[in-house]
Amino acid sequence: MSSQLSSMADDTVRYGIIGVGMMGREHFINLSHLRSEGVAVVAVADPHLPSQRLAQDLAKSFDWPIQVFSGHRELLDSGLCDVVIVSTPNMTHYKILMDIINHPKPHHVLVEKPLCTTVADCKEVVDAARKRPDILVQVGLEYRYMPPVAKLIEIVKGGTLGQVKMVAIREHRFPFLVKVDNWNRFNVNTGGTLVEKCCHFFDLMRLFAGANPVRVMASGAVDVNHKDELYDGKVPDIIDNAYVIVEFENGSRGMLDLCMFAEGSKNEQEISVVGDIGKGEAFVPESIVRVGSREAGRDGVQTIKAKDDRIKYDGLHHGSSYLEHTHFLAAVRAKGLQAPAVDLQDGLVSVAIGVAAQLSIERGRFITIEEVKGEF
């Protein structure tokens, strides 16, 4: 990075959180556990007064004095922050990110997933960020850091399974949570369930496959959840279950099995990666990894309990948000010598797969990635 951020002279990294709803406050709590690493939350911005008050209560409990702003521009103009976290509703990401990137003062950014709700908006953010080599932008695809998932990534990258041929991810869970003003009940705000929720899994598929996606086919519907809800005269249109097949340029294939009315599940996520010589599986929240080879067969399958002793706070995502923050803080402190662990290209491609899946359901056919995003 060409220049250091002037306010980091005392080596304290000052954070501002834009959007302090449920996830914004989760970031606040995670950062409080990094206090000994020279981290301070100094400002928050949110137009929603109840969320402001909850953030102020958190700040008092941590004995952290904070400035409260009603809008993100006021926070940026204050000059208080070195780093900003964007944890606002999905449909606001594009405008906020462009304002951050175009602001005269450099602010490093950790933006919650999805990067944006459309591929066009993602591409504009990527292009704008290229012109700002003085800032880092990391995308919050933190499922990579869940201990069993991280262990499976390590196993795959180590070659234990051989060349990856198939990736199957099952998420069977509870319905979408209630959010401020119920913004997450409509595709126009979220990008659709397969963008909002499942960009995490498409990111993992791409990571395991080691290749970019080529085309996507999906089948999904609104079958159980939210059908009896009404907001301003409108019934929610977010799907609550789907199957998605993703084909990658190296011949690998991925499959997502999503059900959001499956509370009676032992594990919320089950991830299977099969190569030409072996198979690995990760289970969350059981935090188990199983690994076996074709040669050894069923009797040779090993079970590994996955844990990461660095995690000081499990939070809502089994410690992955805490590890995400440690990675991002290390990149910020490296002053340009370390790239973000999850970059804007990762964010863009994960959204592109989700958009293609949503379109596939709508149009009843395979959708190529070129149709939704053009050249990478």
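The shown structure was predicted, so the numbers you read here are calculated from the model rather than taken from an experiment. Every chain's residues receive numbers from 1 upward, in the order its sequence appears when written. Whole-chain, interface and lining totals are the exception, using all residues; otherwise, since this is a predicted model, local features are given only for residues with pLDDT of at least 70 and side-chain atom pairs are given and counted only at 80 or more. Each side-chain value is derived from all of the structure's non-hydrogen atoms; neither hydrogens nor water enter the calculation.

1. Details of the overall build of the protein chain
Line of reasoning, step 1. The numbering of helices and of strands both runs from the N terminus, where a helix is a DSSP run of H or I of at least 4 residues and a strand a run of E of at least 2. Counting its secondary structure elements, the protein chain contains 12 helices and 15 strands.
Line of reasoning, step 2. Projected onto its principal axes, the C-alpha coordinates of the protein chain cover approximately 60 × 50 × 40 Å.
Line of reasoning, step 3. Exposure classes here rest on a 1.4 Å probe applied to the protein chains alone. A residue is buried below 20% of its type maximum, exposed above 50%, and partly exposed in between. Counting all 376 residues of the protein chain, 56% fall into the buried class.
Line of reasoning, step 4. Should any heavy atoms of two residues lie within 4.5 Å, those residues are counted as being in contact. Of all intrachain contacts in the protein chain linking residues separated by at least 6 positions in sequence, the fraction that spans at least 24 positions is 73%.
Line of reasoning, step 5. Only carbon and sulfur atoms are counted for the fraction: they give 51% of the accessible area of the protein chain, which is about 16,000 Å². We get accessible surface area from the Shrake-Rupley algorithm with a probe of 1.4 Å; when it comes to residues, only the shown protein chains can shield them.

2. So, the sheet that holds strand E6 (residues 137-140)
Line of reasoning, step 1. Strand pairing is defined by DSSP finding a minimum of two bridges between the two strands. Taken together, 6 strands build an open sheet; the order of strands is E3-E2-E1-E4-E5-E6 and the sheet is parallel. This sheet does not close on itself; its edge strands, each paired only once, are strand E3 (67-69) and E6. The average angle at which neighbouring strand axes cross in this sheet is 25°, direction not considered.
Line of reasoning, step 2. In this sheet, strand E4 (residues 83-86) lies alongside strand E1 (residues 13-18) in parallel orientation, the contact comprising 4 bridges. Looking at the pairing, Gly16 lines up with Val84 of E4. Only C-alpha atoms enter the line fits that serve as axes; for helices the fit covers just the stretch in contact. Angles between N-to-C directions range over 0 to 180 degrees.

3. Quick notes on helix H6 (residues 147-157)
Line of reasoning, step 1. Within H6 the residues assigned to the buried category are Pro147, Pro148, Val149, Leu152, Ile153, Ile155 and Val156.
Line of reasoning, step 2. At its buried positions, H6 is contacted by strand E7 (164-172), helix H9 (199-209), strand E11 (269-275), strand E12 (278-284), strand E13 (288-293) and strand E14 (302-305).

4. Regarding the sheet that holds strand E8 (residues 213-221)
Line of reasoning, step 1. Strand order across the open sheet formed by 9 strands is E14-E13-E12-E11-E7-E10-E9-E8-E15, with mixed pairing between neighbours. Both edges of this open sheet fall to E14 and strand E15 (367-368), since each of them pairs with a single strand only.
Line of reasoning, step 2. Two strands pair when backbone bridges link them, and E13 and E14 are joined in this way by 4 bridges, in the antiparallel orientation. By the bridge assignment for E14, Val291 is matched with Gln302.

5. Quick notes on a nonpolar patch on the surface
Line of reasoning, step 1. Patches here: salt-bridge-free residues with over 30% relative accessible area, like charges joined within 9 Å, nonpolar side chains (Val, Leu, Ile, Met, Phe, Trp, Tyr) joined within 5 Å. The salt bridge definition used is simple: a Lys or Arg side-chain nitrogen within 4 Å of an Asp or Glu carboxyl oxygen. A contiguous nonpolar patch, built from Met22, Phe174, Leu177 and Leu316 and spanning about 320 Å² of accessible area, is present on the exposed surface.
Line of reasoning, step 2. Secondary-structure assignment places Leu316 in the loop between E14 and helix H10 (320-333).
Line of reasoning, step 3. In this structure Leu316 comes out as partly exposed when scored by relative accessible area, which is 44%.

6. As for the layout of surface pockets
Line of reasoning, step 1. What the second largest pocket holds in volume is close to 220 Å³.
Line of reasoning, step 2. Forming the walls of the second largest pocket are Val126, Ala129, Arg130, Arg132, Pro133, Ile135, Leu136, Val137, Pro340, Asp343, Leu344 and Gln345.
Line of reasoning, step 3. Sorting the residues of the lining of the second largest pocket by element identifies helix H5 (119-130) and helix H11 (344-363) as the ones contributing at least two each.
Line of reasoning, step 4. Here the lining of the second largest pocket takes 3 residues from H5, the largest share from any one element.
Line of reasoning, step 5. A per-class count over the lining of the second largest pocket returns 8 nonpolar, 1 polar and 3 charged. Of the two site types, the cavity is a set of points on a 1 Å grid over the protein atoms alone where a 1.4 Å probe fits but cannot get out, and the pocket is an open set with protein on both sides within 12 Å along at least five of seven lines, each lined by residues with an atom within 4 Å of a point. Grid points are joined across faces, edges and corners, and a volume is the space filled by probe spheres set on the points. Classification convention: Asp, Glu, Lys, Arg as charged; Ala, Val, Leu, Ile, Met, Phe, Trp, Tyr, Cys, Pro as nonpolar; all other residues, Gly among them, as polar.

7. Looking at the nonpolar core
Line of reasoning, step 1. For the purposes of this section, nonpolar cores are sets of buried Ala, Val, Leu, Ile, Met, Phe, Trp, Tyr and Cys residues that join through side-chain atoms within 4.5 Å. Core analysis: the largest hydrophobic core is formed by 113 residues, its most contacted members being Phe28, Leu194, Val244 and Leu256.
Line of reasoning, step 2. Residue contributions to this core peak at 10 residues, all from H11.
Line of reasoning, step 3. Leave out the neighbours within four places in its chain, and Leu256 touches Ile169, Leu194, Cys198, Phe201, Phe202, Met205, Ala242, Tyr243 and Val244.

8. Considerations on the environment of Gly19
Line of reasoning, step 1. Here Gly19 is to be found in the loop between E1 and helix H1 (22-32).
Line of reasoning, step 2. Classification of Gly19 by relative accessible area gives buried; the value is 5%.
Line of reasoning, step 3. Each C-alpha atom of the pair Gly19 and His48 lies 8.7 Å from the other, and the pair is 29 residues apart in sequence.
Line of reasoning, step 4. For Gly19, the contacting residues outside a window of four places in its chain are Gly24, Ala45, Asp46, Ser87 and Thr88.

9. Some details on the confidence of the model for the protein chain
Line of reasoning, step 1. A score between 0 and 100, pLDDT records how confident the predictor is in each residue. Mean pLDDT over the protein chain works out to 95, with 97% of the residues at or above the 70 mark.
Line of reasoning, step 2. Scored below 50 in pLDDT, residues 1-9 shows 20 contacts in the model against residues more than four places distant or in partner chains.

10. Some thoughts on the pairing of E8
Line of reasoning, step 1. Here 8 bridges tie E8 to strand E9 (residues 241-248), and the two strands are oriented antiparallel to one another. By the bridge assignment for E9, Pro213 is matched with Phe248.
Line of reasoning, step 2. Of the strand pairs in this sheet, E8 and E15 are connected by 2 bridges, and their pairing is antiparallel. For Arg215, the partnering residue across the bridge sits in E15 and is Thr368.

11. Some remarks on the pattern of salt bridges
Line of reasoning, step 1. Per the stated rule, a full pass over the model turns up 20 salt bridges.
Line of reasoning, step 2. Asp99 is the partner of Arg73 in a salt bridge, and the nearest nitrogen-oxygen pair spans 3.4 Å. Of this pair, Arg73 sits in helix H3 (residues 72-78) while Asp99 sits in helix H4 (residues 93-101), and the two are 26 residues apart along the sequence.
Line of reasoning, step 3. Asp99 gets classed as buried once you look at its relative accessible area, which sits at 17%.

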